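Coordinates in review
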Amino acid sequence: MTMHKFSNAPAAETLQAWDRTHQLHPWMAMDEWRSYDNMLVDTADGIYMWDAAGKRYIDGPGGMWCTQIGYGRQDMADAIAAQVMKLPYTSPFTNTTEPSAVLARKLAERAPGDLNNVFFTTGGSTAVDTALRTMQYLNNRRGLPEKKLILAREKGYHGSTYLAHSVTGKERDQSQFDFETRLVHFLPDVNPYRRPDGMSVEAWCDAKVADLETAIGTLGADKIGAFIAEPILSSGGVIVPPPGYHERTWEICRAHDILYISDEVVTGFGRLGHWFASEELFGIQPDMITCAKGLTSGYLPLGACIISDRVMRQMSHLGEPSGYTNGYTYSGHPVSCAAALKNIEIFEEEGILEHVRAVTPHFQARLQDLKKFSIVGDARGMGLLGCIEGRADDLEAERQLGAQIDAACEARGLLVRPLINMAVFSPPLIISLEQIDEMFGVLEAALQEVQDKLTG
């Protein structure tokens, strides 16, 4: 690997000081403002990253669930550079470009059912915001201004814009930001790990489906516009709902004229071995799918809300002519779309979806084997997506356990995503069997160290 250094780059200590003084990072603890030190990442290649001191790390979280094709792709850099020189930008309000038109076609071809209409956004949050606003626009067009409530799930995460934050149900993340409580109703946790002792997974599924039916009966189907759901609740701790849950809830939504929005920002683009997971793995054809992250493998920001023909027909053929007044300066950005097209090309030429399906059994077997540690309460996942949940007595103990596991992994050269008492991993999809063993070998050593300290 070639390490790229700028000869006039400031020293690491200077960069850290500037970062502390001037840069506000996402989710930064404000009581630690100007006292934190984020890892200064210098370069990356494949599944690995190097810090400013030259230490190598396995990128367990895959950036932020997104570095599907891995780092250091010269072919991606060339595609981006070529589009920059050809046409770096044009207004999406009045113009189109070859990259955006071709990408829209390719997404429509890969999305399930009649999801043939693509609205490009700047990322996952704005894709979700677009989906929810589209529901509001549709029901205004239909003459149903009261049909605007949104059903969402506890532990779900959908983004940081006002609407996306409002439908996010991570109750243990105390937020001092405002959010819209009048428009959302949360369904209880669907995590099978949390089911009562003695209850079967099938009975748990029945109970979770009943939660949806109860909410519709209580709130009224005439008041509910949409149900938004991740196929796997990723930031909530890689929660895989019980078998049959998705299909049954989708059928209920259809029966009650409630739009089903599948948030595939994490599960789309190969994380589970398919372009999209909704139909291939869970048997549903949503009214809308949101995607981002793996769409460009993190090389450039881009998101998309993919809308069904059925929804588009209703919006188009009702009432007086009306503009779809939703948009962003960087919708369909030609350079970002060029990156997404190269990403799809790499997926197909290198058989990345097939590779994910081939290595998934080994990845999941190594994951399940971590249950042998007494400090691990649960190990769960699907595809190249995994989580271990630590066992502790209370929230503070859970936070300490999660921090210890994170530190032990980092010391050994493995980055995981710590979520209170959980460690989440979603490595680049190009990860090999040998690298999977390397990653889990480090994780096992870290868990053994922490367990020994706690049981001492």
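See the structure printed just above.
All of these numbers come straight from a predicted model, not from anything done at the bench.

Calculation notes
- Residues numbered from 1 in each chain as written.
- Predicted model: local features only at pLDDT ≥ 70, side-chain atom pairs only at ≥ 80, totals over all residues.
- Heavy atoms only, no water.
- Helix = DSSP H or I, 4+ residues; strand = E, 2+ residues; numbered from the N terminus.
- Buried < 20%, exposed > 50% of the residue type's maximum accessible area, 1.4 Å probe, protein only.
- Areas by Shrake-Rupley, 256 points an atom, 1.4 Å probe, with all protein chains shown as cover.
- Lys, Arg positive; Asp, Glu negative; His and termini not counted.
- Charge placed at Lys NZ, Arg CZ, Asp CG, Glu CD.
- Phe/Tyr/Trp six-rings, centres within 6.5 Å; stacked < 30°, edge-to-face > 60°.
- Lys NZ or Arg CZ within 6 Å of the ring centre and 35° of its normal.
- Pairing = 2+ DSSP bridges.
- Axes fitted to C-alpha atoms, helices over the stretch in contact; angles between N-to-C directions.
- Contact = heavy atoms within 4.5 Å.
- Parallel < 35°, antiparallel > 145°, perpendicular 65-115°, else oblique.
- Left-handed = near helix turned anticlockwise from the far one by under 90°.

1. A word on the overall build of the protein chain
Along the protein chain, the regular secondary structure elements total 14 helices and 15 strands. Across its three principal directions, the C-alpha atoms of the protein chain cover 65 × 65 × 45 Å. Considering the protein chain as a whole, with its 456 residues, one finds that 53% of them fall into the buried category. Accessible area for the protein chain stands at about 20,200 Å²; split by element, carbon and sulfur atoms hold 53% of it. The average position of the 41 basic charges and that of the 59 acidic charges among the side chains of the protein chain differ by 2 Å.

2. Observations regarding the packing of aromatic side chains
What characterises a pair of aromatic rings is the spacing of the ring centres plus the angle enclosed by the ring planes. A full pass over the atoms with the stated rule returns 13 aromatic pairs. Arranged with centres 5.6 Å apart and planes meeting at 75°, the rings of Phe-269 and Phe-276 form a pair that is edge-to-face. Pair check on accessibility: Phe-269 and Phe-276 agree, each one buried. With 5.3 Å between their ring centres and 75° between their planes, Phe-363 and Phe-440 make a pair best called edge-to-face. Of this pair, Phe-363 sits in helix 12 (residues 352–369) while Phe-440 sits in helix 14 (residues 433–455); the two residues are 77 residues apart in sequence, bridging distant segments of the chain. Judged by its relative accessible area of 0%, Phe-363 is buried. Following the ring pairs from residue to residue traces out a cluster consisting of Phe-119, Tyr-137, Tyr-324 and Tyr-328. Its end group placed over the ring of Tyr-48, Arg-56 keeps NZ or CZ at 3.9 Å from the ring centre. Here the basic side chain of Lys-208 rests over the ring of Trp-204, its NZ or CZ set 4.4 Å away from the ring centre.

3. Digging into the sheet that holds strand 14 (residues 417–419)
Note: strands within a sheet are paired through backbone hydrogen bonds, in either parallel or antiparallel orientation. In spatial order, the strands read 11-12-15-14; together these 4 strands make up an open sheet with antiparallel pairing. The two strands at the open ends of the sheet, each matched to only one other strand, are strand 11 (376–382) and strand 14. Averaged over neighbouring strand pairs, the angle between their axes works out to 20° when direction is ignored. Looking at chain direction, strand 12 (residues 385–390) and strand 15 (residues 422–425) are connected through 4 bridges and run antiparallel. Opposite Ile-388, over in strand 15, you have Ala-423 as the bridge partner. Contacts from helix 12 reach strand 11, strand 12 and strand 15 within the one sheet, and its direction differs from that of strand 11 by about 170°.

4. Focus: the packing of helix 7 (residues 201–219) against helix 8 (residues 245–255)
Helix 8 packs onto helix 7 with a crossing angle of 20° between their chain directions and a minimal axis gap of 10 Å. The angle between helix 7 and helix 8 places the two elements in the roughly parallel class. Where helix 7 crosses over helix 8, the handedness of that crossing is right-handed. Residue-level contacts link Cys-205, Asp-206, Lys-208, Val-209, Leu-212, Glu-213 and Ile-216 of helix 7 to Tyr-245, Arg-248, Thr-249, Ile-252 and Cys-253 of helix 8.

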